[in-house]
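Report on the structure
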Amino acid sequence: MEGIGGKKLVFAINGERFELSTVEPCTTLLEFLRTQTRFRSAKLSCGEGGCGACVVLLSKYDPVLDQVEDFTISSCLTLLCSLNGCSITTSEGLGNSKDGFHPIHQRFSGFHASQCGFCTPGMCMSLFSALCNSEKTPRPEPSPGFAKLTVSEAEKAIAGNLCRCTGYRPIADACKSFAADVDLEDLGLNCFWRKEENKDVSKLPFYSHRDGICTFPEFLKREIKNKTLLNSKEYSWYSPVSVEELQSLLGSEEADNGTRVKLIVGNTGMGYYKELEHYNKYIDLRHIPELSIIRRDSTGIDIGAAVSISNAIQALKKANKGIPGYEEAVFKKIADHMDKIASEYIRNTASLGGNLVMAQRNQFPSDIATVLLAAGAFVDIQIGTKRLELTLEEFLESPPFDSITILLSVRIPFWEQIRNVSSKTQSRLLFETYRAAPRPLGNALPYLNAAFLAQVSNYEDYDGVILESIQLAFGAYGTKHAIRARRVEEFLTGKLLSVDLLFDAIKLLRGIIVPDDHASHPAYRSSLAVGFLFDFLRPLVDSVGEIPNGGINGAINGFPIDAKVESNFDKLDNTMRPGLLSSAKQVVEVVRDYHPVGEPTTKAGAEIQASGEAVYVDDIPSTKDCLYGAFVYSTRPLARVKGITLKSSLIPDGVVGVITVKEIPKGGENVGARSMFGTEPLFADNFTQYAGQPIGFVVADTQKHANMAANCAVVEYGTENLEPPVLTVEEAVEKSSFFDIPPFLNPKPIGNFSKGMAEADHKILSAEIKLGSQYYFYMETQTALAVPDEDNCMVVYSSSQCPENAQIVIAKGLGIPHHNVRVITRRVGGGFGGKAIRSLPVATACALAAHKLRRPVRIYLDRKTDMIMAGGRHPMKVNYSVGFKSNGIITALHLDVLINAGISEDVSPVIPYNMMGPLKKYNWGALSVNMKVCKTNHSSKSAMRAPGEVQASYIAEAVIEHVASTLSMEVDSVRVKNLHTFESLKVFYEGGSGEAVEYTLPSVMDRLVSSCNFHQRFEVIRQFNCCNKWKKRGISRVPIVHEVMVRPTPGKVSLLNDGSVVVEVGGIELGQGLWTKVKQMAAFALSQVLLDRSSNLLERVRVIQADTLSLVQGGFTAGSTTSESSCEAVRLCCKALVERLIPLKERLQENMGTVSWDMLILQAHLQSVNLSASAFYVPDLTSAQYLNYGAAVSEVEIDLLTGATMILRTDIIYDCGQSLNPAVDLGQIEGAFVQGIGFFMLEEYLTNSDGLVVSDGTWTYKIPTIDTIPKQFNVEIWNSGHHQRRVLSSKASGEPPLLLAVSVHCATRAAIKEARKELLAWNGSNASHSTFQLEVPATMPVVKKLCGLDNVERYLQSLLSNQQKLSLS
Ligand SMILES: Cc1cc2nc3c(=O)[nH]c(=O)nc-3n(C[C@H](O)[C@H](O)[C@H](O)COP(=O)(O)OP(=O)(O)OC[C@H]3O[C@@H](n4cnc5c(N)ncnc54)[C@H](O)[C@@H]3O)c2cc1C
Ligand code: FES
Ligand code: FES
């Protein structure tokens, strides 16, 4: 530990004073909070600024103005030393179970906005900051209970926070409930009012900023005023207060002696570069006034390099205010563009200068560099004692500056509008910025960005617009730095704009915007440049009527558009973008037959999840002797492991050793995971078999040191005399590298395929589909804590969906009996299947290390390692042949499916079986399948929410789409024609089809058509597509059938002396609301003893953590049915208890009249009634399997210039039987659907040619955010009545709704079809359609490619040839 030079670092956390005299300067705030304080609400999830789980509020006090500034920061990137004199507020500082929860916590809970809860504290802080800051605005006082916040600000407040569970809609509602302009009618399902009741703010937990939180404690203000706080500026953390002081620090002897110096402002660059190097000196630039100035004069605005992006945005907007003229547009547009950089909690500390230095020095794909380049900005830099002013272009083009060159400030000139030179001329200044990124609101690097500034004139003598001058900047497309397209600028300058000029300019531009070799999607990125330039100049081209509507931003802002040009713009729906969730509706029916079962009660523990008090594995405090582990994994697919060494120069302090296969104790086995199909080794032995395989486990005194040590591990590989690895399913076929599928899981044919084909009028033979993988992206990565116990026992806290399996594997690994291993799981911060088998090696490695070292050992995987080791969803290659009649009826389908299972069985042999359920949703006439589970040298693929099912549902739709396209029929009619009758359903599903009344799918489909006005909207979309060239819309209705299986599950219910109830179940609380439903069931079932609904036992029930020695046979929490089976097990326990209590109750009743619950239980204790009952629910084999039905309609709009897809609206109807808890089921439906959107539209889980995962963090892996979900999101939970053989008539909701997201993909396909029609017309083809496959995920590059990477050129060409024809005629 290095000191900070005799000076103390003083700050406050949640009002408590902290004073540190020694601290490692590279310590982040998050590290400090989580390891040195009792405040654990800020969570680590990505560690790179991309998720928001670690968000806290930072408050600074200005003693001169006596003002407090509050803003959010990412605590994972903020360095502790930069917080001298600051105050931090975390979610538990807002409120907690002891002092009372904050209304934010209460409303998050009441709007059902927390599932696993791992994202919730960060969400709460983002909202809290927005509330605080809205109160500082001069807006009128809102009505009591509301804040000065607007609805749009409320939604935007959490735009940078990721949630993998909820689908965001309920979170948006919780946030909006504070907004002054909210219409309470618009808020979704909540526990504060019933649908039919009056919506009144007084029913919401009361919010008033006046009795709000003090974010900056008085004691700290006093210390600041008394100047008792000094900036620590000695030894390793320096805060110079002038450029001169900074220079002398940099020029000091130490710097010359190779001392490593790091200049710091917000330290957010760490999120991207993740340097693990050690620096000897940190110099904080934020205290140098010159670097923090914002100065405006008549020529422009100067912004100090250390000014945060948020403050720069404010300054640009302010500089803009009240100044007439067109310079307004430039500053405002720059500010608007900057608003899309990262997320608010990053922009609040990220500096303008840091961004530009990263662009200059490290080729960072900066937005700021591009927009400022177009705006003709200058920079001031200091090199040694020399001060230079450079144009931004010179700055970017200079060789990378060394680490001690200082960027002082940036100057953005005002751009005055050219005054009219004569009455015959009208001149204007145009400025526009663009970025194409997977997320419209930011929090995603762009594929390309651009900014254009032009001065144009209309001369009366000419009919058209002359480009007097133009500046075209492009960046972030896989280039060293942003560039000016000078040749295009020169070409255009002084010319009269016309279609052929635009066409020639675009051709020229194509040759300039050429991404570097390593860049992804090079052709797409070039096409974006073309699209943006076209969008910019198009409205100016005098070719009215021939360059019609569309447009990326819909208007040339700041440019008074004349009537002719105006008609060229798409005026439709501009109000909607770049909007967020505009509306949502939830239809649920509450059935009170089994009260409180069926009530939409709030999630058990939601408030403590919001306040951050809920304890996840990594929140369990470490004992002093605790050690931490990190995996060393292979980067090669198949190689001999010759040895592991740690690069000695980089080894951090505190490393204890490396655990490898050699440390497996005598009697133990090298086993890291098991399923019913086989086991998997914990560590590579002599050979590594896939990239990502654990080779060793480094153990150190802190998690950071363990991670650093694992990073500096060097593995020596040898590949001599080894066969090449099997990396594709094709290679697996060649080498017959397959896993066996047990006969009972191998799909059987239905009907006679040859006969079906013979009956067909048309055939499609051997069409191919490929499907990629998907990563779980649970917000809590894999984690475990192993604590050695007496007598060779081990207690392991594991974030696991199957603790029982962890117990077995650990016992095997250590060679000890199962009863020596106790695995405890309280809650899991998101699982989605990834914490089932894949959690086992993590727990086992910790246990092995703890066993060997006789000390507690824990691990919390960093996001990158987690992504590399996780495996994820199964990629597939599918080949299909289908026969069908001319009327669209399908007669036969055959599928050859190659499933990439990776290196070990895991649960892969079950995938073929899983696939059959959703695949059979249509009556294919005859169906035959040939599935192979391929063993490849990849990480083992595992179950991910709807494993196999989502792929199968997609395959079914792809076939239907293909048939419809071949027949030129409306795809919806082909779907309807091929839906099952109950008779055909029985044939396809044999025992699983249930009764005829239970087959609700046809009614669900019909109901959806009318509830969402499907046919009318279809017509509107047709019209929209006719009159829009650059936007197309599509709509699609898709049914799902999803087969689930109820598995045996244990339960135990105990009644304590005071009448409180303790429940244990086999199922794990993963956020899916299992505990909530179990609590409701226990309350219902126990209340039978009193037959008195007023007893309200719900609050008396506590469900406790899973403990493998307390409740055995816990099994897996998977397959959507664990909640219902756990409920049933609990019902059985309660039934037994009720039977024991009834005689006593009757006796007491006779003696005393009425009997209360408390009295009954107390008497039962006194009379030695056994008040604990356990049960093992084994479902009846004839009804264990059942079908779930639902349907969705989605409507999308695609942008033909960028390939962006916006989901305009989704309507879902899902049959939940009689929901056990409609709020919980609604959360499952919406959350699963949004996760499905991720699979179908966004998430690319890519590997390199060795199979090593390269999408390894939030920078490259994009899960849905609030701006990528449907703008209108309507869900109806259909209560399909009494289902005798289900648990209190309920049905599953966890996985099936994920399949419905295929509707978004199909709608996108429909929109692309329209785009391709137009493309064909531009090519002069009369063809009305073309058949194509739309890849999954349908990302922007994929969509754009199908719409034509050269669609702009083709369009212009067609215009030109039309013009030629016209002039000839
Ligand atoms: C999650 C996330 C998403 C992002 N998304 C985007 C995006 O979409 N578009 C975009 O353009 N940017 C994006 N950024 C980048 C962000 O803008 C930069 O990280 C930030 O501006 C850097 O500023 P900082 O103050 O944190 O720099 P620091 O991290 O403190 O410093 C960065 C580097 O610059 C050096 N440095 C800083 N200031 C100076 C100076 N005045 N003189 C000399 N050297 C200096 C430091 O020594 C260091 O090497 C994103 C960042 C994150 C974390
Ligand atoms: S953990 Fe800090 S932003 Fe993700
Ligand atoms: S509740 Fe948001 S990540 Fe689980």
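Quick summary incoming for the structure in this document. Bear in mind the structure is a predicted one, so any value in this text is a computation, not a measurement. (Residues numbered from 1 in each chain as written. Chains lettered and ligands numbered in written order. Predicted model: local features only at pLDDT ≥ 70, side-chain atom pairs only at ≥ 80, totals over all residues. Heavy atoms only, no water.)

Per the counting criterion, the structure on display carries 41 aromatic pairs. Taking the centre distance of 5.8 Å and the plane angle of 80 degrees together, the rings of Phe-18 and Phe-32 count as edge-to-face. Taken together, the positions of Phe-18 in strand E2 (residues 16-20) and Phe-32 in helix H1 (residues 29-36) put the pair 14 residues apart, joining distant regions of the chain. The same class applies to Phe-18 and to Phe-32, which are both buried. Taken together, the ring pairs connect Tyr-775, Tyr-776, Phe-777, Tyr-778, Tyr-1245 and Tyr-1261 into an aromatic cluster. One residue, Arg-827, lies across the ring of Tyr-616, its end atom 5.7 Å from the ring centre. Over the face of the ring belonging to Phe-738 we find Lys-932, whose NZ or CZ atom lies 5.6 Å from the ring centre. (Phe/Tyr/Trp six-rings, centres within 6.5 Å; stacked < 30°, edge-to-face > 60°. Helix = DSSP H or I, 4+ residues; strand = E, 2+ residues; numbered from the N terminus. Buried < 20%, exposed > 50% of the residue type's maximum accessible area, 1.4 Å probe, protein only. Lys NZ or Arg CZ within 6 Å of the ring centre and 35° of its normal.)

What follows concerns the environment of Val-882. Relative to the helices and strands, Val-882 resides in strand E33 (residues 876-884). With 126 residues separating them in the primary sequence, Val-882 and Gly-756 have C-alpha atoms 9.2 Å apart. Contact partners of Val-882, with chain neighbours within four places excluded, come to Met-757, His-762, Lys-763, Ile-764, Ile-890, Ala-892, Leu-893, Val-959 and Val-963. (Contact = heavy atoms within 4.5 Å.)

This part covers unusual backbone geometry. Between His-595 and the following residue, Pro-596, the backbone shows a cis peptide bond with an omega angle of 0 degrees. Inspection of the secondary structure assignment puts Pro-596 in the loop between strand E18 (583-587) and helix H21 (606-611). Of note, the bond from Val-1336 into Pro-1337 is cis; its omega dihedral lies within 30 degrees of zero at 0 degrees. In this fold, Pro-1337 is placed in the loop between helix H39 (1302-1322) and helix H40 (1340-1347). Despite not being glycine, Phe-777 shows a phi value in the positive range, around 45 degrees. Tracing the sequence through the fold places Phe-777 in the loop between strand E28 (762-771) and strand E29 (783-789).

This part takes up the pattern of salt bridges. Under the criterion given, the structure shown has 68 salt bridges. In this structure, Asp-339 engages Lys-317 in a salt bridge whose closest nitrogen and oxygen atoms are separated by 3.5 Å. Taken together, the residues span a long stretch of sequence, with Asp-339 in the loop between helix H12 (327-338) and helix H13 (344-347) and Lys-317 in helix H11 (residues 309-320) at a distance of 22 residues. Across the pair Glu-759 and Lys-755 runs a salt bridge, and its minimum N-O distance is 3.6 Å. Highlighted residues: Glu-759 and Lys-755, both in helix H24 (residues 753-759), separated by four residues, approximately one helical turn. Of the residues examined, Lys-755 reaches a relative accessible area of 51% and is grouped as exposed. Overlapping salt bridges bring together Lys-921, Glu-957, Glu-961, Arg-975 and Arg-1309 as one network. (Salt bridge = Lys/Arg side-chain N within 4 Å of Asp/Glu carboxyl O.)

In the contact formed by helix H28 (residues 911-919) and helix H29 (residues 949-967), the axes pass within 7 Å of each other and the chain directions differ by 45 degrees. In terms of orientation, H28 lies oblique with respect to H29. The hand of the H28/H29 crossing is right-handed. Contacts between H28 and H29 involve Asn-914, Met-915, Pro-918 and Leu-919 on the former and, on the latter, Glu-949, Ala-952, Ser-953, Ile-955 and Ala-956. (Axes fitted to C-alpha atoms, helices over the stretch in contact; angles between N-to-C directions. Parallel < 35°, antiparallel > 145°, perpendicular 65-115°, else oblique. Left-handed = near helix turned anticlockwise from the far one by under 90°.)

Within the largest apolar cluster, 353 residues are counted, with the highest numbers of intra-cluster contacts made by Phe-474, Phe-697 and Trp-924. Ignoring anything within four residues of it in the chain, the contact list for Trp-924 reads Ile-890, Thr-891, Ala-892, Leu-893, Leu-919, Ala-956, Val-959, Ile-960 and Phe-988. Ranked by size, the runner-up nonpolar core spans 49 residues in total, among them Val-1089, Cys-1127, Leu-1144 and Leu-1220. (Core = buried A, V, L, I, M, F, W, Y, C linked by side-chain atoms within 4.5 Å.)

Attention now goes to the sheet that holds E2. The strand order E2-E1-E5-E3-E4 describes an open sheet built from five strands, whose pairing is mixed. Of all strands in the sheet, those bounded by a partner on one side alone are E2 and strand E4 (67-74). Recorded for the sheet is a direction-independent mean angle of 30 degrees between the axes of neighbouring strands. The pairing of strand E1 (residues 9-13) with E2 spans five bridges and is classified as antiparallel. Each residue of the ladder has a partner; that of Ile-13, found in E2, is Glu-16. Along the sheet, helix H7 (residues 218-225) makes contact with E1, E2, strand E3 (55-62), E4 and strand E5 (87-89), crossing E1 at roughly 155 degrees. (Pairing = 2+ DSSP bridges.)

As summarised here, the arrangement of the three strands in space is E24-E20-E26, forming an open sheet in which the pairing is antiparallel. One side of each edge strand has no neighbouring strand; the edge strands of this open sheet are strand E24 (687-688) and strand E26 (713-718). Relative to E24, strand E20 (residues 639-646) is paired through two bridges, and the arrangement is antiparallel. By the bridge assignment for E24, Ala-639 is matched with Thr-688.

Right, let's talk about the pairing of E33 for a bit. Burial within E33 is extensive, with eight of its nine residues counted as buried. Relative to E33, E28 runs antiparallel, the two sharing eight bridges. Each residue of the ladder has a partner; that of Lys-770, found in E33, is Lys-877. Taking the residues that link successive antiparallel strands as the turn, the E33-strand E34 (residues 890-902) hairpin has five residues, and the phi of Gly-888 there is positive, at about 95 degrees.

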